[in-house]
Amino acid sequence: MRHDFLGHVTVVIVGGTGDLARKYLWQGFFQLYADQVGKGHTFSFYGGALSTTEKGTPLLFDILKELACPAELSVERCALVKDQFLHLSKYHQLKTTEDYENLSQQIKQQLGQEGIIEAGRLFYLSVPAFAYADIAEKINNTCRPPSEAWLRVVLEKPFGHNLYSAQALDKKLSGQLKEEEMYRIDHYLGKQVVSKILPFRKENKKLLDPIWNKHHIERIEIVLKETLDAKGRIQFYDQYGVIRDVLQNHLTEVMTLMLMNLPANLSNSEEILQNKLNFLASLQHVDNSNAVVGQYQAYNGEVQEELNKTKDYFSLTPTFAGVVIHVDNAQYEGIPIFMTSGKALDERVSYARVLFKSNVFCVQDPNNVQCKSKQIIFYLGHGTLQYPAILLSKNLFKPELVSSGDWKEVTEYKDVNVLGLPLSDYYIQSPVTPREAYCELISHVFFGRKDSFISAEGLLASWEFWTPLLEGLSRVFPRVYPGGVDNGNLLNFQLKGHQVAFSHEAVVNVINPGAEDNFQVMQGKYRSSEMVSAWAQELVERLASDLLLAAEEAIREEGQFHLALSGGSSPVALLLDERCVPHTESGSNFRSIHDLLLQHIRIPYFNIHPMPVHLTQRLCVEEDGGPTLYEKEIKKHVNGSSFHYILLGVGQDGHTASLFQDTKLENDEENLVILTESPNKPHQRMSLTFTAINRARRVGVLIMGKSKHELVSQLSRIKGESSKYPITKVQPKSGTLIWYIDYDALLG
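Just so you know, the residues in each chain are numbered from 1, in the order the chain's sequence is written. Per-residue local features of the predicted model are confined to residues with pLDDT of at least 70, and side-chain atom pairs are confined, for both listing and counting, to 80 or more; whole-chain, interface and lining totals are unaffected and use all residues. Here the side-chain values reflect all heavy atoms present in the structure, with hydrogen atoms and water set aside.

Where an unreviewed UniProt entry is consulted, the protein appears under the name Hexose-6-phosphate dehydrogenase (glucose 1-dehydrogenase), with the organism given as Cyprinus carpio. UniProt positions are given in the numbering used here, feature names are shortened, and annotations may be inferred rather than shown by experiment. UniProt, in its Pathway (unreviewed entry) section for the protein, records the words "Carbohydrate degradation; pentose phosphate pathway."

Chemist: Got a minute to help me understand the UniProt feature "domain: Glucose-6-phosphate dehydrogenase NAD-binding" (unreviewed entry) in the protein in this structure?
Modeler: Cross-referencing UniProt, the feature "domain: Glucose-6-phosphate dehydrogenase NAD-binding" (unreviewed entry) maps to residues 12-194 in the present numbering. Secondary structure elements are defined from DSSP: runs of H or I of at least 4 residues count as helices, runs of E of at least 2 residues count as strands, and each element is numbered from the N terminus. Each end of residues 12-194 is marked by a C-alpha atom, and these two atoms are 27 Å apart; helix forms 49% of the span and strand 20%.

Chemist: Got a minute to help me understand the side chain of K82 in this structure?
Modeler: If you trace the backbone, K82 turns up in helix α3 (residues 75-88). When a residue's accessible area, from a 1.4 Å probe over protein chains only, is under 20% of the maximum for its type it is buried; when over 50% it is exposed; and in between it is partly exposed. Neither His nor the chain ends contribute to the count of charged residues, in which Lys and Arg are positive and Asp and Glu negative. We count a salt bridge whenever a side-chain nitrogen from Lys or Arg sits within 4 Å of a carboxyl oxygen from Asp or Glu. Buried and without a salt bridge, K82 has E66 as its closest oppositely charged side chain, separated by 7.0 Å. In contact with K82, not counting residues within four places along its chain, are F30, L64, K65, E66 and L67. In what follows, a contact means two residues having at least one pair of non-hydrogen atoms within 4.5 Å.

Chemist: What is the right way to read the state of the cysteines from this model?
Modeler: What is meant by a disulfide is a covalent connection between two cysteines, made through their sulfur atoms. Cysteine sulfur atoms that pair up within 2.5 Å are treated as a disulfide. Applying the stated rule across the entire model yields one disulfide. Disulfide pairing places C69 opposite C78 at an S-S distance of 1.9 Å. On the sign convention where negative is left-handed, the bridge of C69 and C78, at about -90° about the S-S bond, is left-handed. Taking the relative accessible area as the measure of exposure, C69 reaches 44% and is therefore partly exposed. Among the cysteines around C439, which has no disulfide bond, C78 carries the closest sulfur, lying 13 Å off.

Chemist: Is there a simple way to explain helix α5 (residues 132-142) in this structure?
Modeler: What sets the pattern is the α-helix's 3.6 residues per turn: residues three or four places apart point alike. Every buried residue of α5 is listed here: Y132, A133, I135, A136, K138, I139 and T142. As for α5, its buried residues are in contact with β1 (7-14), α4 (97-114), β4 (118-125), β5 (150-156) and α6 (163-174).

Chemist: Got a minute to help me understand unusual backbone geometry in this structure?
Modeler: The phi torsion of most residues other than glycine is negative, and most of the peptide bonds are trans. Here the amide bond leading from K157 into P158 is cis, since omega sits at 10°, within 30 degrees of zero. Summarising the element assignment, P158 is placed in the loop between β5 and α6. Its identity is not glycine, yet H382 carries a phi of approximately 65°, on the positive side. Overall, H382 belongs to the partly exposed group, its relative accessible area being 33%. The phi angle at S641 is positive, at roughly 55°, despite the residue not being glycine. Within the secondary structure, S641 is located in the loop between α17 (626-637) and β28 (645-649). Classification of S641 by relative accessible area gives buried; the value is 5%.

Chemist: Explain the UniProt feature "domain: Glucose-6-phosphate dehydrogenase C-terminal" (unreviewed entry) in the protein here, please?
Modeler: Those places that UniProt annotates as "domain: Glucose-6-phosphate dehydrogenase C-terminal" (unreviewed entry) correspond, in this numbering, to residues 200-488. With 29% helix and 23% strand, residues 200-488 has its two end C-alpha atoms placed 35 Å apart.

This is the structure we're talking about:
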């Protein structure tokens, strides 16, 4: 035996033919083998899965044949190493306890035949989390190496769904495996920039210490934006959502590395862990007031399709979240930490930014470097820069190189801006050779480096922080956003004290959920006015109740109640506009209201005022003066021509009453009633004007049905008036506007 022989290592990927293994894991282990070949260890690699050997073997070798050569190997050297790697790799069915026993026997047999000692066994569990406990038990009972060899078991997130499920999973796993044997992987910790946050802080400690505090830091931003949606992953994603998928783990780890106390020794895993725990314990409690959530528009349809849900099902799972966190210690007190992530956004980019306060006022030459933002950016990749880097604005200081061997200073600048500054305004450091995160972490597992992995204590501390917020958000409707560049400013959020709110009003800013499990009636804001939303039946009941209360109040105070109802399909039975057809015909709005409402209630006929569209045996002829007659009637009966309540509907094109996009109102600002023309038959109409509508004490707008969902979304993104959508001109001067929108129209 060679004097430099360090022993044999067996690698087993459980789930070895799955998507993660195909994309990342086999490439990572090939990189490990290429790095370690000839350095004292021998290897064997097993891809394990539920399929039989006959089915699994060709699947595995289809993956292995596609492995890419590491950049540092020549073509000839890579061909040789890859051939060796394929020779050392084999498929093994891993389904039953007997399968694991057979694997263990095979490993022992190989070691015995070759007369070599065993260094250790590495199991990578690339399987759903619900299978962890069972597999851990099988490994513990059948596949442990001899006591002088190590056992390392890698676990992929998610590690639980909340604090309680994480505790339960930890209890099951700790009954089978020791803590030092478990490597809970967060691939973000393998990203080259993330792994250098602590070294960067350490190398530049003398210059950073004076400014790394509340007196100099204005804010911190930790961002992960994705352009992709969740399609194809709904089975997993709908159970977890963006906070569990990204914020609770990846972004929390980045925040912790940026703000924890620096350890005296960066290679001391225990000290790093303790400092992480101390920092997590210092975070202030977060609840609904510290977060905003959104959901891209197509998500609910994807849920219905992939989970076989009915068309009336809607998911509350957020695909976007913005959270502001504060630290309760003297060093960082008052600094807002903006943490955000989402799917179907405008770009793919990830970074963490420390923005410093500026005490410079530039009277002239604002482009001078001293007048610009002071910031440090840990840029993880993609976006405008396209490569991982640490950027420090030149008006701070020139940093030490984070690692002299494998990092370089960038001196050639592309003509791009990063977070408000051109590249030439930064000192930039970047890895010499980009390395995939999984390659880095697999190497760390091999060498037993625990500082790059999540400890049980750290995991539970993170869940303890995030679980109260997750519970609070579980009944909150996320804001619906269209996706991509169309999001515009819809997801911008802002800090008000320690509380967070979207910067712009939109359709699904829903608050105060009712106690009912099915969210029968909810209230919120829409286009800066009050909104009531519910399923159709409950919504109509609520509207009827509000009308009754308004009538009782008016009669109590004035002895009379004046109500104007529009026709059309939105308020099916609900006259401030009329089609120019005889009142006896089915197309008449008055006929509809008579048949569906008036004939069923006791109201004197002289208290009902249909529009005079049929005069002198003619329909809506201007010379007959119908609008003038009706305006006189309003002025006679309605005090100040101000109705107590006007109820409107909205067409799919955004028209309301019979006021359409092309309706000319410039010369009718003082008129209360006009003749209009509809693009649909019957074309001639009579309608109240916006002048009359906006004098009302209360205006209700009723929108119902899936066909109105796109309209509701569009209107939510328009501020003020738009000539394209006449409904936006409904703005009561001194009255109240309330939107009544059913869930079909609201959520699609």
